[in-house]
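Structure assessment
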Amino acid sequence: MSSIRELHKQLTSKERSAAEITQAYLESIQAFEPKLHSFISLTEDKALEQAKQIDAKIAAGEDIGLLAGIPTALKDNLCTKGIITTCGSKVLGNFTPPYESTVTQRLAEAGAVFVGKTNLDEFAMGSSTENSAYQVTANPWDLEKVPGGSSGGSAAAVAAQQCVAALGSDTGGSIRQPASFCGVVGLKPTYGLVSRYGLVAYASSLDQIGPLSCTVEDAAILLQAIAGHDPQDSTSLKVDIPNYAKALRPTLDRRNRRRIGVIQETFGSGLEPVVESAVKQAIEQLQELGAEIQVISCPQFRYGLPTYYIIAPSEASSNLARYDGVKYGLRRDHTDLMSMYAKTRAEGFGMEVKRRIMIGSYALSAGYYDAYYLKAQKVRTLIKQDFEKAFGQVDVLVCPTSPTTAFKMGEKVNDPLSMYLSDLMTIPVNLAGLPAISLPCGFDEAGLPIGLQLIGNVLREDLLFEVAYAYEQATDWHERKPKL
Ligand code: GLN
């Protein structure tokens with residue numbers, strides 16, 4: 001199986017048709033789904049129809065873009081017109097969106113072929129995909145381990161080559177952490193770079209959509225297609241989108257020596273020794289590639305987790321108030337309006353979602369607002385200032401994506417706090433609205449992948465691609481595939 005560029009060559013040289021490529025990936029889905037459960041729904045007919053259109057274009061001698069005919073999967077919190085979009089929740093179990101999200105619209109216009117909607121933690125709340133109301137997805141490297149979350153279905157599908165690439169969403173790490181657990185590349189763009197129109201809202205000031213793929217170049221190709229201003233999203237940035245392909249060079253820029261900052265606070269207790277040594281080796285490799293390495297301190301980093309677990313549930317409690325059984329989604333009738341609400345929500349939402357609605361409602365309630373929500377917003381500013389200071393000294397920051405490799409299914413389901421800890425290193429990035437990428441940098445003794453996180457300043461996705469690509473070209477971690 002191949003990268004986007006390789007498949008593009010096969011298509012334009014007429015070595016293989018889009019229909020043949022699509023068929024091959026649909027077969028791979030059929031072969032591995034019984035073990036993995038990456039998908040909530042499959043869209044085979046749509047995929048074959050889209051592939052047929054691309055083949056017609058090729059036959060007519062028309063130019064096709066890089067994404068044309070590329071089998072792609074979509075996290076099931078992205079609205080797709082006429083295709084059920086559950087968000088991993090019973091409350092949206094019957095929801096067929098009457099409109100298309102901007103990102104899926106843009107991918108479709110670029111000719112991508114949609115193979116299906118991937119599994120996720122309900123409302124993207126979780127770090128293992130075990131909070132899905134439908135199924136548990138397995139990690140392709142070890143079927144007893146979780147794929148990470150909440151975009152675990154997308155990450156597993158990419159790792160198992162059930163699709164070439166996928167979209168996920170990242171509110172506190174949900175693209176990067178599963179990318180790390182499944183040994184693939186995952187990018188969370190700068191807040192506002194990619195439109196959120198049509199993304200089912202979890203915590204609106206943190207949510208961003210981004211790509212998961214096998215290579216850095218594939219992530220850049222996907223970002224190129226989905227980034228850019230959208231009048232339908234009021235937080236969408238009005239900026240020119242650079243040509244990301246230009247950043248992909250086999251070595252780091254030598255004229256402007258890249259300064260890479262190692263975040264000192266991420267190497268404390270709780271970090272698995274095997275993760276620590278893989279990340280340190282990756283940093284040495286970056287130095288060999290010509291980067292200047294500095295140690296950087298982000299003292300407020302450690303407040304990221306508690307700050308996030310006030311802000312995200314607060315926003316969630318407000319966003320999820322719309323699932324009241326009246327407008328759309330599940331409805332459980334009862335004697336009066338209040339009990340209809342209560343019954344609908346009691347049945348429609350899972351444990352974790354209920355926990356967060358309660359925490360958020362509490363934090364926002366009169367009397368506690370200043371002590372919790374307002375305080376958290378202030379700490380959020382301090383965390384942002386740490387990053388601003390760091391980017392005065394270096395171009396890119398580096399740290400592990402997750403303190404551990406993939407854990408066992410069931411291991412943390414009854415211990416939400418230990419589950420929350422797996423996002424320790426990804427969450428501060430969302431609080432500051434910055435871009436970050438996770439890419440494979442090694443394996444543990446059990447053969448589970450380890451992820452390296454690179455964090456950039458606002459809108460410096462180009463620098464992330466430059467550093468990530470140079471590292472990827474110098475290593476072969478991305479070439480290893482799970483044996484299924
Ligand atoms: N695991 C974090 C949470 O549960 C982050 C989820 C996400 O990024 N969507 O909220």
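Now for a look at the structure at hand.

A word on the overall build of the chain
Within the chain, the secondary structure is distributed over 15 helices and 11 strands. Over its C-alpha atoms the chain spans a radius of gyration of 21 Å, differing by no more than 12% from the 23 Å that the globule rule assigns to 484 residues. Along the longest, intermediate and shortest principal axes, the C-alpha atoms of the chain span 65 × 55 × 45 Å. Across the chain, contacts joining residues at least 24 apart in sequence account for 75% of those joining residues at least 6 apart. Here the chain displays about 18,300 Å² of accessible surface, and carbon together with sulfur accounts for 52% of that area. Measuring between centres, the 47 positive side-chain charges of the chain sit 4 Å from its 54 negative side-chain charges.

Considerations on the pairing of strand 6 (residues 208–213)
Taken across its six residues, strand 6 has six buried, putting it largely inside the fold. Sheet topology places strand 4 (residues 165–170) next to strand 6; six bridges connect them, and they run antiparallel. Looking at the pairing, G168 lines up with G210 of strand 6. One ladder, built from two bridges, connects strand 5 (residues 185–188) with strand 6; its direction is antiparallel. Bridging from a neighbouring strand, G186 pairs with L212 of strand 6.

Notes on the environment of L222
Among the structural elements, L222 can be located in helix 7 (residues 216–226). When its relative accessible area of 0% is taken as the criterion, L222 is described as buried. Setting aside residues no more than four positions away along its own chain, L222 makes contact with L67, L107, A165, A166, P211 and L212.

A short note on the site of the ligand
By nearness alone, 15 residues border the ligand, and G172, S174, Y308, R356 and D423 come closest of all. Residue G173 places a main-chain N or O atom 3.2 Å away from an oxygen atom belonging to the ligand. Compared with its free state, where it exposes 290 Å², the ligand has 100% of that area covered by protein. Here the shell around the ligand is built from residues that sort into five nonpolar, seven polar and three charged.

Re the pattern of salt bridges
Taken as a whole, this structure holds 18 salt bridges when the rule is applied. Between D324 and K327 there is a salt bridge; the shortest N-O distance is 3.0 Å. Here D324 falls in the buried class, since its relative accessible area comes to 9%. Taking relative accessible area as the criterion, K327 reaches 55% and is therefore assigned exposed. D333 is paired through a salt bridge with R331; the nearest N and O atoms lie 2.8 Å apart. Beyond isolated ion pairs, a larger network of salt bridges with shared partners links R249, D253, R258 and E466.

A closer look at the packing of helix 1 (residues 4–12) against helix 2 (residues 18–36)
In the contact formed by helix 1 and helix 2, the axes pass within 9 Å of each other and the chain directions differ by 140°. What the angle tells us is that helix 1 and helix 2 run oblique. Counted together, L7, Q10 and L11 of helix 1 and A18, I21 and Y25 of helix 2 form the full contact between these two elements.

A few points about the sheet that holds strand 10 (residues 436–443)
Reading across the sheet, the 11 strands line up as 1-3-2-4-6-5-10-11-9-7-8 and stay open at both edges, with mixed pairing between neighbours. On the outer flanks of this sheet lie strand 1 (39–42) and strand 8 (292–296), each paired with one strand and no other. Adjacent strand axes in the sheet meet at a mean angle of 30°, parallel and antiparallel pairs treated alike. Alignment of strand 1 against strand 3 (residues 113–118), held across three bridges, turns out to be antiparallel. Pairing of S41 across the sheet is with K117, part of strand 3. Each of strand 5, strand 7 (259–263), strand 9 (396–400), strand 10 and strand 11 (449–456) is contacted by helix 15 (residues 461–474), which is oriented at about 15° to strand 10, the strand it contacts most.

Here we look at the packing of helix 4 (residues 102–109) against helix 7
Following both chains from N to C, one finds helix 4 and helix 7 inclined at 110°, their axes separated by 8 Å at the closest point. Put simply, helix 4 runs roughly perpendicular to helix 7. Residues V103, R106 and L107 of helix 4 lie in contact with helix 7, whose contacting residues are L222, A225 and I226. When its residues are assigned to classes, the contact of helix 4 with helix 7 shows five nonpolar, no polar and one charged.

Things to note about the side chain of T401
Topologically, T401 is positioned in the loop between strand 9 and helix 13 (416–420). In terms of polar contacts, T401 uses its side chain to reach the side chain of S438, at 2.8 Å. Among the polar contacts made by the side chain of T401, one reaches the main-chain amide nitrogen of Q453 at a distance of 3.4 Å.

Thresholds applied
- Residues numbered from 1 in each chain as written.
- Predicted model: local features only at pLDDT ≥ 70, side-chain atom pairs only at ≥ 80, totals over all residues.
- Heavy atoms only, no water.
- Helix = DSSP H or I, 4+ residues; strand = E, 2+ residues; numbered from the N terminus.
- Rg over C-alpha atoms; globule rule 2.2 N^0.38 Å.
- Contact = heavy atoms within 4.5 Å.
- Areas by Shrake-Rupley, 256 points an atom, 1.4 Å probe, with all protein chains shown as cover.
- Lys, Arg positive; Asp, Glu negative; His and termini not counted.
- Charge placed at Lys NZ, Arg CZ, Asp CG, Glu CD.
- Buried < 20%, exposed > 50% of the residue type's maximum accessible area, 1.4 Å probe, protein only.
- Pairing = 2+ DSSP bridges.
- Near = heavy atom within 4 Å.
- Polar contact = N/O pair within 3.5 Å; in protein donor to acceptor, adjacent residues only side chain to side chain.
- Nonpolar A, V, L, I, M, F, W, Y, C, P; charged D, E, K, R; others polar.
- Salt bridge = Lys/Arg side-chain N within 4 Å of Asp/Glu carboxyl O.
- Axes fitted to C-alpha atoms, helices over the stretch in contact; angles between N-to-C directions.
- Parallel < 35°, antiparallel > 145°, perpendicular 65-115°, else oblique.

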